[in-house]
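Structure assessment
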Amino acid sequence: MKEERIAKPEIAEMSGPAAIPRKSGEMVFHDDWERKSFTIAVSLAEQGLFEWEEFQSELIASIKEAEGDDPHHPSRGYFESWLISLEKLLDKKLTES
Amino acid sequence: MSTHNHDTPNPYHDSHRDEAQNKALAERVDKIEALLLEKGLVAQDALDKLADIYENDLGPMNGAKVVARAWVDDEYKKRLLEDATSAIAELGFSGLQGEHMVAVENTPEVHNVVVCTLCSCYPWPVLGLPPSWYKSFAYRSKVVIEPREVLKEFGTTLPDDVEVRVWDSSAEIRYLVIPERPEGTENLSETELADIVNRDSMIGVTKVAAP
């Protein structure tokens, strides 16, 4: 089953709380800004502004915070947590440089 | 069918935001984007390309490795048929979000084929993105009623004495077909075997051909 992939598995196949929401494999974006915040983070990691693991741990922390004691009823959407993580990490990286 | 639940338990599948919230969030993203474009840290065309790459990414096609292992290792096959979720995790493949995997084995007597009659439930962690025909109404409705006819459309003609079993996927249960190992592949390695296992054979609409 040889088929080409260019997406990075460590991003596309994150598991656990950080797993990208998918419906039968297809990514679920509700709005354009969600898609945009996704590609911005991926692009910055590809260019080395940060390691994907750095972003992923921010994302997990942000998701856990939103989930609190009830993972089925998080206080905000997945990409809202994503955006918060991106803002935090950028804040850190851009002041460092 | 009324107990057949297709509502995925993922809390992130529906948006609960209103227009104003969305607008505020979009503005935050636009602000980041503008800053990064100005600093030359991102490029517009690269962003568009990435969206395309990730949204159309075929996904992990680990199913072929699972099948190849089952072909060469009888003990593994036994575990796979007993508890596919654990056996698949044994090979290091995860990513299931609460769904259970069930493996069904094709034999000279029984041919299995998978569908999701109500929507398009599909085992992403092992088969990647579903093909468009899998999601089509034609396939979903017809394969249950006339599986042999549908299989013929895929070039798979089964003798009359072969029993055809159709498995309807749900939010909780996803099926993987273990196709028959073709004759003439006795000398192939596990890796070479994985290369000949294609997606359609693991949905059960085709057989695996020897290389």
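Residues numbered from 1 in each chain as written. Chains lettered and ligands numbered in written order. Predicted model: local features only at pLDDT ≥ 70, side-chain atom pairs only at ≥ 80, totals over all residues. Heavy atoms only, no water.

**Side note on the packing of helix 2 (residues 32-46) of chain A against helix 2 (residues 44-55) of chain B**
Where we set the bar: What counts as an axis is a line fitted to C-alpha atoms, over the stretch in contact for a helix, and the angles between N-to-C directions run from 0 to 180 degrees. Only runs of H or I of at least four residues qualify as helices and only runs of E of at least two qualify as strands under DSSP, and these elements are numbered from the N terminus. Each angle receives one of four descriptions, namely roughly parallel if under 35 degrees, roughly antiparallel if over 145, roughly perpendicular if within 65 to 115, and oblique otherwise. The criterion used for residue contact is that any of the two residues' heavy atoms lie within 4.5 Å. Residue polarity follows a fixed list, in which Ala, Val, Leu, Ile, Met, Phe, Trp, Tyr, Cys and Pro are nonpolar, Asp, Glu, Lys and Arg are charged, and the others, Gly among them, are polar.
At their nearest, the axes of helix 2 of chain A and helix 2 of chain B sit 9 Å apart, and the two run at 100° to each other. In terms of axis orientation, helix 2 of chain A runs roughly perpendicular to helix 2 of chain B. Between helix 2 of chain A and helix 2 of chain B, the residues in contact are Arg 35, Phe 38, Thr 39, Ile 40, Val 42, Ser 43 and Glu 46 of chain A and Leu 47, Leu 50, Ala 51, Tyr 54 and Glu 55 of chain B, respectively. Looking at the contact of helix 2 of chain A with helix 2 of chain B residue by residue, the classes come out as 7 nonpolar, 2 polar and 3 charged.

**Focus: the interface of chain B and chain A**
A common way to express how large an interface is: the accessible area buried when the components associate. Here is the rule: Buried area adds together the accessible area that both of two parts lose upon being put together, with accessible area traced by a 1.4 Å probe. The term salt bridge refers to a pairing of a side-chain nitrogen on Lys or Arg with a carboxyl oxygen on Asp or Glu at a separation within 4 Å. Any pair of nitrogen or oxygen atoms within 3.5 Å is treated as a polar contact; in protein, a donor-acceptor pairing is required on top of that, and neighbouring residues in sequence qualify only through side-chain atoms on both sides.
Each partner contributes residues to the interface: chain B has 51 residues there, and chain A has 54 residues. Of all residues in chain B, the largest losses of buried area upon contact with chain A belong to Tyr 12, His 13 and Tyr 54 of chain B, amounting jointly to 19% of the total for that side. At the boundary of chain B with chain A, the tally comes to 8 salt bridges. For the interface between chain B and chain A, the tally reads 15 residue pairs in polar contact (both at pLDDT 80 or more). Among the elements of the structure, helix 1 (19-38), helix 2, helix 10 (190-196) and helix 11 (199-203) of chain B are those that each provide at least two residues to the side of chain B that touches chain A. The dominant element in the side of chain B that touches chain A, judged by the number of residues it contributes, is helix 1 of chain B, at 10 residues. Residues of the side of chain B that touches chain A, tallied by class, amount to 29 nonpolar, 10 polar and 12 charged.

**Here we look at the confidence of the model for chain B**
Regions with low pLDDT should not have their predicted coordinates read in detail. The line we're drawing: Per-residue confidence from the predictor is given as pLDDT, running between 0 and 100.
In the predicted model, chain B carries a mean pLDDT of 91, and the fraction of residues at 70 or more is 94%. Interface confidence for the predicted complex, expressed as ipTM, amounts to 0.92; the pTM equals 0.82.

**Details of the nonpolar core**
To be explicit about the condition: By convention a nonpolar core is built from buried Ala, Val, Leu, Ile, Met, Phe, Trp, Tyr and Cys residues, the set being connected through side-chain atoms within 4.5 Å. Relative accessible area decides the class of each residue, using a 1.4 Å probe on protein chains only: under 20% of the type maximum gives buried, over 50% gives exposed, and in between gives partly exposed.
Ranked by size, the top nonpolar core spans 43 residues in total, and within it Trp 71, Leu 80, Ile 88 and Tyr 139 of chain B carry the most contacts. Ignoring any residue separated from it by four or fewer positions in sequence, one finds Trp 71 of chain B in contact with Ile 178, Pro 179, Glu 180, Arg 181, Pro 182, Leu 193, Ile 196, Val 197 and Val 208 of chain B. With 36 residues, the next largest nonpolar core counts Ile 11, Met 14, Ala 45 and Leu 59 of chain A among its residues.

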